[in-house]
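The primary structure of each chain is shown beneath.
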Amino acid sequence: MFPESKFMDRALALAALGLGKTSPNPLVGAVIVYQDEIIGEGYHECYGQAHAEVNAINQVLHNFPQNASDLLAEATLYVTLEPCSHFGKTPPCADLIIKHQLKNVVIGCLDPNESVNGKGIAKLKSAGINVVFPFKEKECQLINRRFFTYHQKQRPYIILKWAQSSDGFIGLINEKTAISNTESLTLSHEWRSHEDAILIGTNTALIDNPSLTTRHVEGKNPIRIIIDKTLKIPQHHAIFKDDAKTIIFNEHRTETLGHIQYIGIEFLGLLPQMILYQLYILGIQSLIIEGGAYTLNEFIRYQLWDEARIITATDLKLKEGLSAPKLTGTIISDTSLANNQIQIITI
C-alpha cells in the first residue's frame, strides 16, 4: 500500500485539538480510511479519557452498525503516534486494533515512552497487520515535542517568553512596566493554557505581583513555579491564591500546605538544572518561563531552552531599564498583532 499524506495531515490536525488537555499523555490523532474515504476519526481529547484510536473505531461502529466489522477489516488506520501496548488509564490500543482486525496501520512515529517504544508496532505485526512506519515522522514528532523532550531529555520542554520595548528593554528597574498590547496579552494567556507549568523569579513576583493564570481565555491554569530563595514574597500576593497549584523552590522549607508546595533545594549553582530535575520527577512535561531578566538569562546561559517567544512593542521606547535577554537561534515565526511584533525562535 502507498499511504497518502492528506490522511496523516488530518490526523495531525485532530491531534492538535488536544493541546493543553492531555498531559502527561501525548497528543494523538487517528483517521480510518476505507476506499479513499474517511469513515472514522478521533483524537485524545483529555487525560484519562479514551485514546484517539478508540474514538476513531467507535465512530465507525456508531456510523456503520450493519457492516462496521467488514469495513474495518479492509480499512487503513492512520495514527500520529505508535499505538500503546500496555495498560494505563485505558486498555492497550494495539489490542483494540487487533480485535477489530484492521488490515493496515500507518504510524507517524515511535512512542519514546519506555513502556511502549516499539512494543505496539511489534504486537500489530505479530497479529498479521500490515504496518507502515514511519510516515511524516518529523511532523508527528514536532507536535509532541513536549512529550518527546520529557522522555528523551528527562526534563520539561522549555519555552522562554518575554515582552520588550523597541530599544531592547523588558521593563524599568524595580517598577512594573506594561509593554504588551491587549491582543498580545490574550495570546500570552492562551500560550499559558497549553503548558503544564509557568515559572518566575522572586523579583518578578515582588514587583509585578502577577497571577500567572489564564483569566483572559478559556483553559486550565498552569502550575505556578516560583523561585524564592529566602521566602521573601508576602502571603497576600497573587501567587498564593487558590486558583492554581503553586510550587515554591526555596532553601528553608519542604512541606505541602493545601495548594502550596514548598520544595527545599540548595542554591549553590546549577540552579536551573536542579529545578528542572525536580519538575521531571513531578511529571511536569512543559514549562513556560516568564522572567525576569536574571531568571531568563540563567536558563539561556546553560542552553536550557527549546523555544523563545518574544513580543516587541514596536512603538515603545523606554530608553533605560532592564536589558532584554539575548539569544541565538532560528526564527520560525514572525508575525504582528497591532503594534506588537511576535517572534518565535528555536534553539
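My aim in this report is to walk through the structure given alongside it, one point at a time. (Residues numbered from 1 in each chain as written. Predicted model: local features only at pLDDT ≥ 70, side-chain atom pairs only at ≥ 80, totals over all residues. Heavy atoms only, no water.)

## Looking at the state of the cysteines
Stated formally: What counts as a disulfide here is a pair of cysteine sulfur atoms lying within 2.5 Å. Accessibility here uses a 1.4 Å probe with only protein chains present; expressed as a share of the type maximum, an area under 20% marks a residue as buried, one over 50% as exposed, and anything in between as partly exposed.
Summed over all chains, the structure comprises zero disulfides. Sulfur of Cys-46: no disulfide; nearest cysteine sulfur belongs to Cys-93 and is 15 Å away. With no disulfide partner, Cys-140 has as its closest neighbouring cysteine sulfur the one in Cys-109, 5.2 Å distant. Owing to a relative accessible area of 0%, Cys-140 belongs among the buried residues under this scheme.

## Here's the deal with helix α8 (residues 182-194)
What sets the pattern is the α-helix's 3.6 residues per turn: residues three or four places apart point alike. This is how it is decided: Strands here mean DSSP runs of E at least two residues long; helices mean DSSP runs of H or I at least four residues long; both are numbered from the N terminus. To estimate the expected span of a helix, subtract one from its residue number and multiply by 1.5 Å. Within 3.5 Å is the distance limit for a polar contact, defined as a pair of N or O atoms, with the added protein rule that one can donate a hydrogen and the other accept it, and that residues adjacent in sequence qualify only through two side-chain atoms.
In a regular helix each residue adds 1.5 Å, so 13 residues correspond to 18 Å; α8 covers 19 Å between its end C-alpha atoms and thus fits that length. If you check the start of α8, you find a side-chain oxygen 3.2 Å away from the backbone N of Glu-183, and it comes from Asn-181.

## Re empty space enclosed by the protein
Put simply, the rule is: The rule is simple: put a 1 Å grid over the protein atoms alone, call a set of points where a 1.4 Å probe fits but cannot get out a cavity, call an open set with protein on both sides within 12 Å along at least five of seven lines a pocket, and count a residue as lining if it has an atom within 4 Å of a point. Grid points are joined across faces, edges and corners, and a volume is the space filled by probe spheres set on the points.
On inspection of all chains with the given rule, the structure shows one cavity of 30 Å³ or more. In this structure, the largest cavity encloses a volume near 140 Å³. Lining the largest cavity we find 17 residues, and of these Thr-22, Ser-23, Asn-25, Arg-146 and Gln-285 sit closest to its centre.

## So, the layout of surface pockets
Using a probe with the size of a water molecule, rolled over the atoms, empty space left in the structure can be pinpointed. Stated formally: Polarity classes work like this: nonpolar for Ala, Val, Leu, Ile, Met, Phe, Trp, Tyr, Cys and Pro, charged for Asp, Glu, Lys and Arg, and polar for all others, with Gly in that last group.
Volume-wise, the largest pocket comes out at about 1,300 Å³. Every element with two or more residues in the lining of the largest pocket is listed here: β6 (157-165), β7 (169-171), α8, β8 (197-201), α9 (202-208), α10 (271-281) and α11 (293-301). With seven residues, the single largest contributor to the lining of the largest pocket is α11. When the residues that make up the lining of the largest pocket are grouped by side-chain class, the tally is 24 nonpolar, 16 polar and 10 charged.

## Looking at the pattern of salt bridges
For clarity, the threshold we go by: Any Lys or Arg side-chain nitrogen located within 4 Å of an Asp or Glu carboxyl oxygen qualifies as a salt bridge.
Enumeration over the complete set of coordinates arrives at 14 salt bridges. Across the salt bridge formed by Lys-103 and Glu-74, the nearest N and O atoms sit 3.5 Å from each other. You can see Lys-103 sitting in the loop between α4 (93-99) and β4 (104-109) and its partner Glu-74 sitting in the loop between α3 (68-73) and β3 (76-81), a full 29 residues away along the chain. By relative accessible area, which is 42% here, Lys-103 ends up partly exposed. Given a relative accessible area of 46%, Glu-74 falls into the partly exposed group. A salt bridge links Arg-146 to Glu-195; its shortest N-O distance comes to 2.8 Å. With Arg-146 in helix α7 (residues 145-153) and Glu-195 in the loop between α8 and β8, this residue pair connects regions lying 49 residues apart in the sequence. Glu-195 sits in the buried class, given a relative accessible area of 0%. In this structure, a network of salt bridges that share partners links the residues Glu-4, Lys-6 and Asp-36.

## Let's talk about the nonpolar core
Stated formally: Here, nonpolar core means buried Ala, Val, Leu, Ile, Met, Phe, Trp, Tyr and Cys residues that are tied together by side-chain atoms lying within 4.5 Å of each other. In this analysis, two residues are considered to be in contact whenever any of their non-hydrogen atoms come within 4.5 Å of each other.
In this structure, Ile-32, Leu-77, Tyr-78, Ile-97, Val-105 and Leu-124 are the most contacted members of the largest nonpolar core, which totals 48 residues. By residue number, the principal contributor to this core is helix α1 (residues 5-16), which donates six residues. Once residues lying within four places of it in the same chain are set aside, the contact partners of Val-105 are Leu-77, Val-79, Ile-97, Leu-124, Ile-129, Asn-130, Val-131 and Val-132. The next biggest cluster of nonpolar side chains, apart from the first, holds 30 residues, and it includes Leu-160, Leu-279, Leu-304 and Ile-310.

## Some details on the sheet that holds strand β11 (residues 255-257)
Across a sheet, paired strands are connected by hydrogen bonds in the backbone, their directions being either parallel or antiparallel. Put simply, the rule reads: Any two strands between which DSSP finds at least two bridges are classified as paired. Inter-axis angles, ranging from 0 to 180 degrees, are taken between N-to-C directions of lines fitted to C-alpha atoms, where helices are fitted over the stretch in contact.
Pairing within the open sheet is mixed, and its 10 strands lie in the order β11-β12-β10-β9-β8-β13-β6-β14-β17-β16. Both edges of this open sheet fall to β11 and β16 (330-337), since each of them pairs with a single strand only. Each adjacent strand pair in this sheet contributes to an overall mean axis angle of 20°, direction not counted. Relative to strand β14 (residues 307-313), β6 runs parallel, the two sharing seven bridges.

## Here we look at the side chain of Glu-53
In plain terms, the rule: Positive residues here are Lys and Arg, negative ones are Asp and Glu, while His and the chain termini are left out of the count.
Looking at where Glu-53 falls in the secondary structure, it is placed in helix α2 (residues 52-63). Of the buried charged residues, Glu-53 lacks a salt bridge, with Lys-123 as the closest side chain of opposite charge at 12 Å. Excluding its chain neighbours within four sequence positions, the residues that come into contact with Glu-53 are Val-28, Ala-30, Leu-77, Val-79, Leu-81, Pro-83, Cys-93 and Ile-97.

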